[in-house]
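Spelled out from the first residue to the last, the chains are:
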Amino acid sequence: MSSEEFTVTPWSVEGDIDYDKLMQKFGTEKISPELEARIEKIAGEVHPMLKLGYFFSHRDLDKILTEYEKGNKFYLYTGRGPSGKIHMGHLLPWIFTKYLQEKFDVNLIFQLTDDEKFLYSDQKSMEEVSKYTQENILDIIAIGFDPKKTKILIDTKDIKRIYPIALEIAKRITFSTVKAVFGFENSTNIGMIGFPPIQAAPCFLPSIIEGRPTPVLIPAAIDQDPYWRVTRDIAEKMGYPKPAQIHSKFLPGLGMQGKMSSSIPETAIFTTDTDDVVDKKISSTFTGGQPTVDLQRKLGANFSICPVFWYLRYFFDTEKESDERSRKCKGGQLLCGECKCNLKDATKPFLSEFKKQREKAKDQVDKFMFD
């Protein structure tokens with residue numbers, strides 16, 4: 001794969017992603033300064049992830065805000081495919097979702113697609129997926145979502161709640177459509193072919209819960225967009241509002257290219273990693289630096305391809321600190337070892353506190369489940 005090629009699907013993200021090209025390919029809109037200003041007016045502040053461009057793209061976010069300004073609250077809906085342990089890249093969209101829940105005072109449905117992860121993987125048993133499901137729930141709760149306004153939906157456990165809606169969706173979507181959108185082939189198992197309506201169903205569940213058409217906003221990484229594209233095509237035919245979306249970028253992995261991945265453990269920092277493991281992973285992280293100190297002092301480094309920079313920018317640095325870091329990096333005044341030390345010093349206490357919240361979550365699981 002050349003440096004100009006990239007792949008973004010719900011199951012694979014590879015290459016050096018050009019987000020402008022990706023928006024054009026998917027047909028989404030860039031979040032404008034005007035839209036940010038509207039959010040700030042309602043929320044009282046713009047979250048750093050929005051201001052720094054981590055959340056960068058949307059569908060119908062403007063319409064969601066218009067309805068909200070009229071007094072019509074929306075639901076939040078996001079999800080997680082429990083294929084492994086949770087890493088820091090997973091946390092960013094969830095932290096932003098918590099901000100939305102708090103500032104807009106709205107309900108959240110959090111779907112765990114355990115069925116998809118079983119169907120997609122030839123290696124994982126349902127027992128293994130179920131184990132990850134229970135572990136992932138602790139990470140979700142540890143984010144700090146309001147238990148009175150948050151429900152976790154597990155596909156295999158809550159299928160009776162999902163299936164009637166999924167049937168209505170499935171009846172309106174043809175195989176040619178999902179084949180074109182998702183790239184299904186003759187060798188694709190029929191479980192995967194039939195899965196998209198299951199992931200679409202929570203878009204309409206709030207309308208059923210509330211007994212009236214209820215808007216839904218989906219904060220999620222842009223690789224999940226194909227599901228909502230198909231869902232939006234049939235929403236109004238079913239009498240529901242089209243689900244709106246706000247898309248995030250990917251936190252880069254610790255390797256050369258691509259997003260952080262649970263399936264490649266060395267590219268990810270997990271919420272359960274020990275300090276020693278964190279030190280080891282960050283020490284061996286790929287950076288945008290030069291081969292030698294002298295060259296870096298002379299030529300500067302490329303922060304734009306450096307995972308250490310983006311970790312610090314999205315998680316720990318203020319905007320001012322991050323801009324100064326990029327300036328010094330580019331000018332050769334900052335060495336990669338210094339940034340790695342900064343990241344280690346910030347990550348370890350962050351994970352320490354998160355582990356405490358994760359432990360407390362063990363006693364709160366029932367509060368978040370559907371009855």
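Structure's up top.
Since this is a predicted model, take the numbers as computed values, not measurements.

Chemist: Sorry if this is basic, but what is going on with the side chain of H247 here?
Modeler: Looking at the element boundaries, H247 is found in strand 9 (residues 244-248). Among the polar contacts listed, one links the side chain of H247 to the side chain of Q245, at a separation of 3.0 Å. Among all residues touching H247, those that are not within four sequence positions of it are T28, Y54, F55, F56, S57, H58, R59, A220, I222 and D225.

Chemist: Mind showing me how you'd approach the pairing of strand 9 here?
Modeler: Each regular strand shows side chains that alternate between the opposite faces of the sheet. The buried count for strand 9 comes to 5 of 5 residues, which makes it a mostly enclosed element. Across the two faces of strand 9 the burial is the same, with A244, I246 and S248 and Q245 and H247 all buried. When strand 4 (residues 55-59) meets strand 9, the two strands line up antiparallel, connected through 4 bridges. Paired with S57 across the bridge in strand 9 is H247. As paired strands, strand 8 (residues 216-221) and strand 9 are joined by 5 bridges and run parallel to one another. By the bridge assignment, L217 is partnered in strand 9 with A244. For the segment spanning strand 8, helix 13 (residues 225-235) and strand 9, crossover handedness is right-handed.

Chemist: What is the right way to look at the sheet that holds strand 4 in this model?
Modeler: Strand pairing in a sheet relies on backbone hydrogen bonds, with the paired strands running either antiparallel or parallel. With respect to topology, 7 strands assemble into an open sheet ordered 3-4-9-8-5-6-7, the strand pairing being mixed. In the strand order of this sheet, the two ends are held by strand 3 (29-30) and strand 7 (150-154), each with one partner. Two elements, strand 5 (residues 75-80) and strand 6 (residues 108-112), share 5 bridges in a ladder whose sense is parallel. Looking across to strand 6, one finds that R80 is bridged to L112. Running over the sheet, helix 5 (residues 88-104) touches strand 4, strand 5, strand 6, strand 7, strand 8 and strand 9 and is turned about 165° from strand 5. Along the sheet face, helix 13 touches strand 4, strand 5, strand 8 and strand 9 and points at about 165° away from the line of strand 9.

Chemist: Would you take a moment to explain a nonpolar patch on the surface for this structure?
Modeler: Together, I159, Y163 and L167 make up a nonpolar patch on the protein surface, roughly 270 Å² of accessible area in all. Inspection of the secondary structure puts I159 in helix 8 (residues 159-170). The exposure class of I159 is partly exposed, given its relative accessible area of 31%.

Thresholds applied
- Residues numbered from 1 in each chain as written.
- Predicted model: local features only at pLDDT ≥ 70, side-chain atom pairs only at ≥ 80, totals over all residues.
- Heavy atoms only, no water.
- Helix = DSSP H or I, 4+ residues; strand = E, 2+ residues; numbered from the N terminus.
- Polar contact = N/O pair within 3.5 Å; in protein donor to acceptor, adjacent residues only side chain to side chain.
- Contact = heavy atoms within 4.5 Å.
- Buried < 20%, exposed > 50% of the residue type's maximum accessible area, 1.4 Å probe, protein only.
- Pairing = 2+ DSSP bridges.
- Right-handed = clockwise from strand over helix to strand, strands pointing away.
- Axes fitted to C-alpha atoms, helices over the stretch in contact; angles between N-to-C directions.
- Patch = residues over 30% accessible without salt bridge, like charges linked within 9 Å, V, L, I, M, F, W, Y side chains within 5 Å.
- Areas by Shrake-Rupley, 256 points an atom, 1.4 Å probe, with all protein chains shown as cover.
- Salt bridge = Lys/Arg side-chain N within 4 Å of Asp/Glu carboxyl O.

Nothing here speaks to function; it is geometry throughout.
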